[in-house]
Amino acid sequence: MRIALFGPPGAGKGTQASILAETYGLKTISTGNLIREAMREGSELGEEARSYVTAGKLVPGELVRKLADSAVANAGFNDFILDGYPRTIEQAQWLDAFLRAYKAELHGVVFLAVPDEVIIERLSKRRVHRLTGESYHLDFLPPPADVSPEDIIQRADDQPEAIASRLRGYRRETKPLENHFRVTGLLREVDGNASVDVVHNRIIRFLKSSPVTAARKAG
Ligand code: AMP
């Protein structure tokens, strides 16, 4: 099964991707995580990406393309879930061509729709574990008591100005992808403004009723 999760920042793509990965035994490919990892390691790519990420801007496509392509190849071109890639029409075209070349086209794209005001609330109250990357929400999913408060941080791009910039960038560069995927017949819109469990069940319902399931049965 090869699927992509698409939607605004804070739509819950990362959370849903990790649950789906566990449910279906998929490998999660999150370009955001890969970029943050490169930044932590201080690699050349990480250093190039840093100023964009901190300002809430999209990283130049070529950098992300390399990360995504090699992660897809490492997954053996199957059983993966893309989280946060592609994010522009150009990236979608690269990905389509890359997957087509390996006869590994996507089976479905889940669009997690969430209103702006919910996104702002979610992102400004999001906290992450600096080592594991585990995500929390100050009200709905506070960090457990046995986790040291020093390890809980706020992402630089979850600061108000960066959130605003990410939302502007999303509308300008990523939202047009909705139509791109609709035209290909791959897109299924799921209302992401609900609890984690409810949204997960909505996604599962889509996966069960789509060609994805047939692809899975066929191995
Ligand atoms: P995320 O964790 O998905 O919210 O991504 C965090 C940041 O990484 C984004 O705000 C961008 O700066 C960068 N990023 C992640 N994925 C992409 C992508 N597909 N294209 C460009 N930049 C990306």
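Look above for the structure.
Remember, predicted model here, so these are calculated numbers, not experimental data.

Calculation notes
Residues numbered from 1 in each chain as written. Predicted model: local features only at pLDDT ≥ 70, side-chain atom pairs only at ≥ 80, totals over all residues. Heavy atoms only, no water. Salt bridge = Lys/Arg side-chain N within 4 Å of Asp/Glu carboxyl O. Helix = DSSP H or I, 4+ residues; strand = E, 2+ residues; numbered from the N terminus. Buried < 20%, exposed > 50% of the residue type's maximum accessible area, 1.4 Å probe, protein only. Near = heavy atom within 4 Å. Polar contact = N/O pair within 3.5 Å; in protein donor to acceptor, adjacent residues only side chain to side chain. Areas by Shrake-Rupley, 256 points an atom, 1.4 Å probe, with all protein chains shown as cover. Nonpolar A, V, L, I, M, F, W, Y, C, P; charged D, E, K, R; others polar. Axes fitted to C-alpha atoms, helices over the stretch in contact; angles between N-to-C directions. Parallel < 35°, antiparallel > 145°, perpendicular 65-115°, else oblique. Left-handed = near helix turned anticlockwise from the far one by under 90°. Contact = heavy atoms within 4.5 Å. Core = buried A, V, L, I, M, F, W, Y, C linked by side-chain atoms within 4.5 Å. Expected span 1.5 Å × (residues − 1).

What to know about the pattern of salt bridges
- Applying the stated rule across the entire model yields 15 salt bridges.
- Linking D139 and K125 is a salt bridge whose minimum nitrogen-to-oxygen distance equals 2.8 Å. One end of the pair, D139, is in the loop between β6 (135–137) and β7 (152–153); the other, K125, is in the loop between α6 (116–124) and β5 (126–129), with 14 residues separating them in the sequence.
- On the basis of relative accessible area, D139 is assigned to the partly exposed category, the value being 45%.
- The class of K125 is partly exposed, set by a relative accessible area of 27%.

Examining the site of the ligand
- Around the ligand, the structure places 16 residues, and the nearest of them are T31, R36, K57, G84 and Q91.
- Separating a nitrogen atom of the ligand from a backbone N or O atom of G84 is a distance of 2.9 Å.
- In the model, an oxygen atom of the ligand is placed 3.2 Å from a nitrogen or oxygen of the R155 side chain.
- Burial of the ligand by the surrounding chains reaches 95%, relative to a free accessible area of 480 Å².
- Broken down by element, the residue count for the shell around the ligand peaks at four residues, all from helix α2 (residues 31–41).
- Residues belonging to the shell around the ligand are distributed by class as follows: six nonpolar, four polar and six charged.

Description of the packing of α2 against helix α4 (residues 61–74)
- Running from amino to carboxyl end, α2 crosses α4 at an angle of 110 degrees, the nearest separation of the two axes being 10 Å. Between α2 and α4, the interaxial angle falls into the category roughly perpendicular. For the element pair α2 and α4, the recorded crossing hand is right-handed. Across the interface between the two elements, T31, L34 and I35 of α2 pack against V64, L67, A68 and A71 of α4.
- Residues that form the contact of α2 with α4 fall into these classes: six nonpolar, one polar and no charged.

Section: the nonpolar core
- Among the nonpolar cores identified, the biggest contains 35 residues, and I35, V72, F80, L82, L99 and L106 are the most heavily contacted of them.
- Elements represented by at least two residues in this core include exactly β1 (2–6), α2, α3 (44–54), α4, β3 (80–83), α5 (89–101), β4 (108–113) and α8 (176–184).
- Not counting the four nearest positions on each side in its chain, L99 is found in contact with V72, F80, A104, E105 and L106.
- Judged by nonpolar contacts, the second largest core, of 23 residues, contains A17, V110, L112 and V199.

Some points on helix α1 (residues 13–24)
- Taking 1.5 Å per residue as the helical rise, α1 with its 12 residues ought to reach 16 Å, and the 16 Å between its terminal C-alpha atoms agrees with that figure.
- Just beyond α1, the residue with positive phi is G25, at close to 65 degrees.

Some points on the packing of helix α7 (residues 160–174) against α8
- For the pair α7 and α8, interaxial distance at closest approach is 5 Å and the crossing angle is 40 degrees. When the axes of α7 and α8 are compared, the pair comes out oblique. Counted together, R171, R172, E173 and T174 of α7 and P176, L177 and E178 of α8 form the full contact between these two elements.

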